[in-house]
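Coordinates in review
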Amino acid sequence: MHSTTTDDLPVNELNDSPAEGSIPTHVKKDLLHGTSALGFSVIVERACSFIANILAARFGGASSFGVYALALSTASNVSAYAAGGIGSTAIRFSGEHPRGSSGYPALTRVLAVISTVSALLAASVLWVGATPISRLLHKESLTGVLQWAAFSAAGIIMLECCRGFLVGQRSIRALLLLSSLVGSGYLALLPAMSRFGPTQMICSQGAVTMGSVMIILLLCRSLGLTSPASVNQSQPMALLLRRVWGFGVVQLASLIGMNAAGWWLTTLVARSDTTMVQMGYFAVAHQLRNIVALGPSLLNEGSLAVMAGANRRIDKTPDNIMAICAYACTLASLVMAGVGMIIVPWGLTLLYGKNYTAAGAAVTIALATAVIHMGSAPMSARLSIISIKTFGMINTTWAIFVAVLATATLLDGGNAAKGAGVYLAGHLFLATLQIVTLKRRGSIPKGAIASFSSGVIGSLVLVGLAWERETNRQAAAWISLAMIAVLMATVFTMVVIGKQRNWMPSRQSFQGLFSRALLMLKDRAGNLTGSKT
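Each chain carries its own residue numbering, running from 1 in the written order of its sequence. Where totals are concerned, whole chains, interfaces and linings use all residues; where local detail is concerned, this predicted model gives features only for residues with pLDDT of at least 70, and gives and counts side-chain atom pairs only at 80 or more. Heavy atoms throughout the structure, all of them, feed into the side-chain values; hydrogens and water do not.

1. Re the overall build of the chain
Only DSSP runs of H or I reaching four residues or more are called helices, and only runs of E reaching two or more are called strands; each is numbered from the N terminus. Helix and strand counts for the chain come out as 17 helices and zero strands. Here, two residues are considered to be in contact whenever any of their heavy atoms come within 4.5 Å of each other. In the chain, the proportion of contacts linking residues at least 24 apart, taken out of those at least 6 apart, comes to 82%.

2. Comments concerning the confidence of the model for the chain
Confidence of the prediction at every residue is given by pLDDT, a number between 0 and 100. Overall, the prediction assigns the chain a mean pLDDT of 80, with 80% of residues at 70 or greater. Note on residues 1–21: pLDDT is under 50 here. Beyond four places in sequence and across chains, it has 42 contacts. Counting contacts from residues 309–314, a segment whose pLDDT is below 50, to residues more than four positions away or on other chains yields four contacts.

3. Some words on the pattern of salt bridges
Two side chains with opposite charge may pair up if their charged atoms get near one another. Salt bridge, as used here: a side-chain nitrogen of Lys or Arg that lies within 4 Å of a carboxyl oxygen of Asp or Glu. Within this structure, the stated rule accounts for three salt bridges. The residue Glu160 makes a salt bridge to Arg163 at a minimum N-O spacing of 3.0 Å. One end of the pair is Glu160 and the other is Arg163, both in helix H6 (residues 143–169) and three residues apart, which spans about a single turn. Throughout, exposure labels follow a simple rule: accessible area from a 1.4 Å probe, protein chains only, divided by the maximum for the residue type, with under 20% read as buried, over 50% as exposed, and the rest as partly exposed. For Glu160, a relative accessible area of 32% puts it in the partly exposed group. Judged by relative accessible area, Arg163 falls into the buried class, the value being 14%.

4. Structural notes on the packing of helix H12 (residues 360–386) against helix H14 (residues 416–440)
At a closest axis distance of 8 Å, the pairing of H12 and H14 adopts a crossing angle of 25°. Accordingly, the angle class assigned to the pair H12 and H14 is roughly parallel. Read as a crossing pair, H12 and H14 show a hand that is left-handed. Residues are sorted three ways: Asp, Glu, Lys and Arg are charged, Ala, Val, Leu, Ile, Met, Phe, Trp, Tyr, Cys and Pro are nonpolar, and all the rest, Gly among them, are polar. Taken together, the residues of the contact of H12 with H14 break down into 18 nonpolar, eight polar and one charged. Throughout, an axis means a line fitted to C-alpha atoms (over the contacting stretch in the case of helices), and angles, computed between N-to-C directions, take values from 0 to 180 degrees. Working definition: roughly parallel below 35 degrees, roughly antiparallel above 145 degrees, roughly perpendicular at 65 to 115 degrees, and oblique for all remaining angles. It is the rotation of the near helix from the far one that decides the hand of a crossing: anticlockwise by less than a right angle makes it left-handed, clockwise makes it right-handed.

5. Examining a nonpolar patch on the surface
For patch detection, residues must exceed 30% relative accessible area and be free of salt bridges, and they are connected within 9 Å for like charges or within 5 Å for nonpolar side chains (Val, Leu, Ile, Met, Phe, Trp, Tyr). Accessibility throughout is a Shrake-Rupley quantity obtained with a 1.4 Å probe, and a residue counts as covered only by protein chains that appear here. Taken together, the side chains of Val113, Val117, Trp245 and Val249 present a nonpolar region at the surface, about 320 Å² in accessible area. Tracing the chain through its elements places Val113 in helix H5 (residues 104–136). Residue Val113 is classed as partly exposed on the basis of its relative accessible area of 33%.

6. Quick word on the packing of H5 against H6
Between H5 and H6, the shortest axis-to-axis distance is 8 Å and the interhelical angle comes to 160°. Here H5 is positioned roughly antiparallel relative to H6, judged by the angle of their axes. Once H5 is placed against H6, the crossing between them reads as right-handed.

7. Describing the packing of aromatic side chains
A pair of Phe, Tyr and Trp rings is counted when the ring centres sit within 6.5 Å of each other, with Trp represented by its six-membered ring. The angle between the planes then sorts it: under 30 degrees is stacked, over 60 is edge-to-face, the rest tilted. Scanning all chains against the criterion turns up seven aromatic pairs. Taking the centre distance of 5.5 Å and the plane angle of 50° together, the rings of Tyr352 and Tyr356 count as tilted. Considered together, Tyr352 and Tyr356 belong to a single accessibility category, that of buried residues. Taken together, Tyr281, Tyr352 and Tyr356 form an aromatic cluster joined through their ring pairs.

8. Some points on the environment of Thr397
Along the chain, Thr397 falls in helix H13 (residues 388–410). Judged by its relative accessible area of 36%, Thr397 is partly exposed. Along the primary structure Thr397 and Gly426 are separated by 29 residues, whereas in three dimensions their C-alpha atoms are 10.0 Å apart. In contact with Thr397, other than residues within four places in its own chain, are Phe429 and Leu433. Reaching out from Thr397, the side chain makes a polar contact with the backbone oxygen of Met393 at a distance of 2.8 Å. Under the rule applied, a polar contact is a pair of N or O atoms within 3.5 Å (in protein, one hydrogen donor and one hydrogen acceptor; residues adjacent in sequence only if both atoms are side-chain atoms).

9. Some details on the nonpolar core
Throughout this description, the term nonpolar core refers to a set of buried Ala, Val, Leu, Ile, Met, Phe, Trp, Tyr and Cys residues connected via side-chain atoms within 4.5 Å. Counting residues in each nonpolar core, the largest one holds 134 residues, and the members touching the most others are Phe65, Tyr352 and Val363. Among all residues touching Val363, those that are not within four sequence positions of it are Val284, Ala285, Leu288, Val344 and Leu348.

10. Quick word on the environment of Ser73
Its location among the elements puts Ser73 in helix H3 (residues 62–83). Measuring from C-alpha to C-alpha, the distance between Ser73 and Ala153 comes to 9.5 Å, with 80 residues separating the pair along the chain. Among residues more than four places away in sequence, those in contact with Ser73 are Trp263 and Thr266.

11. Some details on the state of the cysteines
In this description, the term disulfide denotes a pair of cysteine sulfurs within 2.5 Å. With the rule as written, the count across this model stands at zero disulfides. Cys161 forms no disulfide, and the closest cysteine sulfur to it belongs to Cys162, at a distance of 7.4 Å.

12. Things to note about the side chain of Gln434
With respect to the helices and strands, the residue Gln434 is situated in helix H14. Residue classification places Gln434 among the buried residues on the basis of a relative accessible area of 2%. Sequence-distant contacts of Gln434, that is, excluding residues within four places in its chain, are made with Ser376, Met379, Ser380, Leu383 and Ile394.

13. Concerning the environment of Met276
Secondary-structure assignment places Met276 in the loop between helix H9 (237–271) and helix H10 (277–309). For the pair Met276 and Val67, spaced 209 residues apart in the sequence, the C-alpha separation amounts to 6.8 Å. If sequence neighbours within four positions are ignored, Met276 has contacts with Ala62, Ser63, Gly66, Val67, Leu70, Lys139 and Ala270.

14. Brief notes about H6
Residues that lie three or four places apart on an α-helix share one face, since the helix turns once every 3.6 residues. In a helix, the anticipated span is given by 1.5 Å times the number of residues less one. In this model H6 runs 40 Å from its N-terminal to its C-terminal C-alpha over 27 residues, within 8% of the 39 Å that 1.5 Å per residue would give. Along H6, the largest kink reaches about 25° and is centred on Ala150. In terms of residue burial, H6 counts as a mostly covered element, since 21 of its 27 residues are buried. Once H6 ends, the next one or two residues include Arg170, with phi positive near 55°. Bend at a given residue is defined as the angle between two axes, one fitted to the seven residues that end at that position and one fitted to the seven that begin there.

15. With respect to helix H16 (residues 476–500)
Relative to the 36 Å expected for 25 residues at 1.5 Å per residue, H16 spans 36 Å between its end C-alpha atoms, a close match to the ideal helical length. Listing the buried residues of H16 in full gives Ala476, Ile479, Ser480, Met483, Leu487, Thr490, Met494, Ile497 and Gly498. Where H16 is buried, its residues touch helix H11 (317–352) and helix H15 (448–471). Count one or two residues on from H16 and you reach Asn502, which has phi positive near 60°.

Shown next as structure tokens:
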């Protein structure tokens, strides 16, 4: 006889006892729904943004694109400090106060106040701080573009707040519209403005983010985002404002160290090259890293809420969700990153042009970093649920490690490859701390460490072979074949581990997932058609 909680699980049904290895069917469905809905809403924006950046890098050149990347990175960090992680804050409280509840009207006003104040603060800080930052970089010519990046910082805050609110409300139609506006705006403006310079590029980026949010606000009634007439009494705004702002402060505390370390590393790469070409290589490397991380990051975001809300009577369910998501993220990112490493010499020239051929080493290291980062992301999410204090301490330790290593490696001169190497070492260090901590708490299921380690070791071997290919061009073809063999062997090892733990989905599961995806697309198309008529 089969248990009623496990006999319907073609995926994730483990060989252990139910308390240790199984995941309830309703939890699995929540995980699938959350991931697919989020992925469906952002894929258009990410794809358009990626294409826009490729075209901008080709049209503007490595130096101009490097300046734009530095300005955008600075704006992103300033906005994160000013808003205190407003995106995740909006998701958290928007999910708590859905449309039609008594807290919904107060929440919309609170988020409007916080996002506006934060945007004005970020813009003011960056406008005033542009001169000191450019002096720190020993490039006072960057003052103007950094001042205009203040507009971009404000737009980033408004966009993150709007997106978080829509995710929390599960408003897929509005999310799709927002993503389409942002993606198409980037695609239309960034490549065109790259011909004029980085200042015009950063201004167009800010205009797209701010304009997209304004359009959503103008269409809020037709998108079904206004408070229904039946809600005639709302919660006090002052009480909810304190709660939301307090949560944001906690978020900010964990962001400060990590963002500061990342910005310091980016700054050191920029300082090391007066032409800013290395900064352009560094930006391209991490663009490709983000593309590899796109799918796994959506799975990780979808799993966070499920792990937090899993049935507490099944003690191991959140841990099993973490292990399966870590396995899936590691395997998916390994396949994408491994293929990317193999084709780097030809792919870079095809995508970005001959000017970016020398970025191969940085790109290869960044792709390996994506495997480590994405493979350990579910562990990080699980740790944030178990102990937010420990989570914050580990992130702070990572920030210190990266800052010290970056200073020692890049202060007296460096390049994009060294900068990417610092990130690689930092994420190895972070993953080790997370695994050790979870292991001590008994939250690492069997097979999780083995599968993650296989992916990491395989990616590091690929980095070594790619480095040898860069220095020994005559044997490039044979080394590329060796890289293909290493990738296939690593994937085979992970598949064996997955089958042993019953983490590999069955054919029926793939068919069911495909059918649900088609039904969801038909439903969305029907809703859009109905709204037009």
